Amino acid sequence: MGEGLDRSARTYVAGHRGLVGGAVFRHLQSDGFTDVVGRTSKELDLRDRAAVDAFFDEQRPAYVVLAAAKVGGILANDTYPADFLSDNVRIQVNVLDAAARTGVQKVLFLGSSCIYPKFAPQPIREDSLLTGVLEPTNDAYAIAKIAGVLQVQALRRQHGLPYVSAMPTNLYGPGDNFDLKGSHVLPALIRKVHEAKLRGDREYVVWGTGTPRREFLHVEDLARATVALLERYDDPAPINVGVGEDVTIRELAETVADVVGFDGEIVFDTSKPDGTPRKLLDVSRIHALGWKAEIALRDGIASTYQWFLEHHADARGL
Ligand code: GDP
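Computed from a predicted model, the values in this text were never measured in an experiment. (Residues numbered from 1 in each chain as written. Predicted model: local features only at pLDDT ≥ 70, side-chain atom pairs only at ≥ 80, totals over all residues. Heavy atoms only, no water.)

Novice: I'd love a proper account of the pattern of salt bridges, names of residues and values included.
Specialist: Counted by the stated rule, this structure contains 23 salt bridges. Arg-10 is the salt-bridge partner of Asp-35, the closest N and O atoms lying 3.0 Å from each other. Here Arg-10 lies in the segment before β1 (11-14) and Asp-35 lies in the loop between α1 (19-30) and β2 (36-37), a separation of 25 residues in the sequence. The residue Asp-87 makes a salt bridge to Arg-47 at a minimum N-O spacing of 3.4 Å. With Asp-87 in helix α4 (residues 81-101) and Arg-47 in the loop between β2 and α2 (49-59), this pair connects stretches of sequence that are 40 residues apart. The structure contains a network of salt bridges with shared partners spanning Asp-45, Arg-47, Asp-87 and Arg-90. (Salt bridge = Lys/Arg side-chain N within 4 Å of Asp/Glu carboxyl O. Helix = DSSP H or I, 4+ residues; strand = E, 2+ residues; numbered from the N terminus.)

Right, here's the structure in full:
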């Protein structure tokens, strides 16, 4: 396929109302794609095979970015493993089967860094996939995403289709989920610090020990990577998309407090799980393709906090 994406060809972003799909949708439009389509989950339930088949028969997209998934933070994954497995497998199988059947030229399937083994050597290279046991708090989600990677590889092998998978690290940005039970750590901390500041609390509570390390990528950086990968990546192996640097949860908690302007104490609730100790991605392969993350963590937290303030009333989970 090479460099030549046809920017007037129909491009379907599955999950375009989500954190990732929303950023991808906006980026494609600003990058000159003139026929970008999306459907809300009310309009099209991607778990419903007949509905997905009918949508692809009618719309006939040329390119698909598969950013639709049931996602959540450590507690949600640990509490609803059956939903995470079933919803994600159905979404992926339906979309990938329909894409292959209707002749979609290129699909980019988005997974997550939690597909890698819990104790993979750090930074995690793409070839650590399936070399060890998974982190138990999100193994159901991880197995679903691994099935998606395998399906992409199988479609390449059996049908010669140039479909690819990318594995982003922990993502954040405008449009994130700020629900304290379901969200990931970064939006949760923004909301907790903001509310602690408003109430005039002397402390705010962070789950776990504060020692796990995590890498955070702004969704707008991921959206740029998406176009680069559609254009330039054609390989069966999933490709990592990350920053190449990580921070401890304690450091993250301090930065969020600093950005929001809260000078109380940070208290660790060690009855909550830490999850995997570290998941820093090796990003040398995507760097070799000419893409690099650009948004510094502190700047990204500041702009996400600004978005949170402006959309407080209608932010998901509030
Ligand atoms: P993970 O990367 O799959 O483990 O998912 P999360 O983003 O939910 O959690 C990352 C780390 O942040 C874990 O060690 C959590 O225990 C920790 N953490 C600290 N405070 C919070 C919080 O308020 N919400 C969430 N989701 N995680 C928190």
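Moving on, there is more to tell.
Novice: Which residues make up the site of the ligand, and what values do they have?
Specialist: The environment of the ligand is formed by 18 residues, the closest being Ile-74, Lys-192, Arg-214, Pro-273 and Asp-274. Interatomic distance of 3.3 Å between a side-chain N/O atom of Asn-170 and an oxygen atom of the ligand. Between the ligand and Asp-274 there is a distance of 2.6 Å, counted from an oxygen atom to a backbone nitrogen or oxygen. Among the secondary structure elements, those contributing two or more residues to the shell around the ligand are α6 (185-199) and β7 (203-207). The leading source of residues in the shell around the ligand is α6, at four residues. Grouping the amino acids of the shell around the ligand by side-chain chemistry returns nine nonpolar, five polar and four charged. (Near = heavy atom within 4 Å. Polar contact = N/O pair within 3.5 Å; in protein donor to acceptor, adjacent residues only side chain to side chain. Nonpolar A, V, L, I, M, F, W, Y, C, P; charged D, E, K, R; others polar.)

Novice: Outline empty space enclosed by the protein, listing residues and values.
Specialist: Considering all chains together, one arrives at one cavity of 30 Å³ or more under this definition. Looking at the largest cavity, its volume works out to about 30 Å³. Around the largest cavity, the lining residues are Asn-170, Leu-171, His-184, Val-185, Leu-186, Pro-187 and Phe-216. Elements represented by at least two residues in the lining of the largest cavity include exactly β6 (170-172) and α6. The greatest single-element share of the lining of the largest cavity, amounting to three residues, is contributed by α6. The class makeup of the residues in the lining of the largest cavity is five nonpolar, two polar and no charged. (1 Å grid on protein atoms, 1.4 Å probe; cavity = no way out; pocket = protein on both sides within 12 Å on 5 of 7 lines; lining within 4 Å. Points joined across faces, edges and corners; volume = space filled by probe spheres on them.)

Novice: Could you give an account of the side chain of Glu-215, naming the residues involved and the relevant values?
Specialist: Along the chain, Glu-215 falls in the loop between β8 (213-214) and β9 (216-218). One buried charge, Glu-215, has no salt-bridge partner; the nearest side chain with opposite charge is Arg-278, at 8.6 Å. Engagement of the side chain of Glu-215 in a polar contact is seen with the backbone nitrogen of Leu-281, the distance being 2.9 Å. Residues contacting Glu-215, with those up to four places away along its chain left out, are Thr-169, Asn-170, Gly-242, Val-243, Gly-244, Glu-245, Asp-246, Lys-279, Leu-280 and Leu-281. (Buried < 20%, exposed > 50% of the residue type's maximum accessible area, 1.4 Å probe, protein only. Lys, Arg positive; Asp, Glu negative; His and termini not counted. Contact = heavy atoms within 4.5 Å.)

Novice: Go over the sheet that holds strand β10 (residues 239-241), please, and point to the residues and values.
Specialist: Spatial ordering of the open sheet is given by β2-β1-β3-β4-β5-β10, a layout of six strands whose pairing is parallel. Of all the strands in the sheet, just β2 and β10 have a single pairing partner and so form its edges. Sheet topology note: the strand β5 (residues 164-168)/β10 ladder contains three bridges and is parallel. Following the sheet pairing, Ala-166 is matched in β10 by Ile-239. Against the sheet, α1 touches β1, β2, β3 (63-66) and β4 (106-110), its axis set at about 160° to β1. (Pairing = 2+ DSSP bridges. Axes fitted to C-alpha atoms, helices over the stretch in contact; angles between N-to-C directions.)

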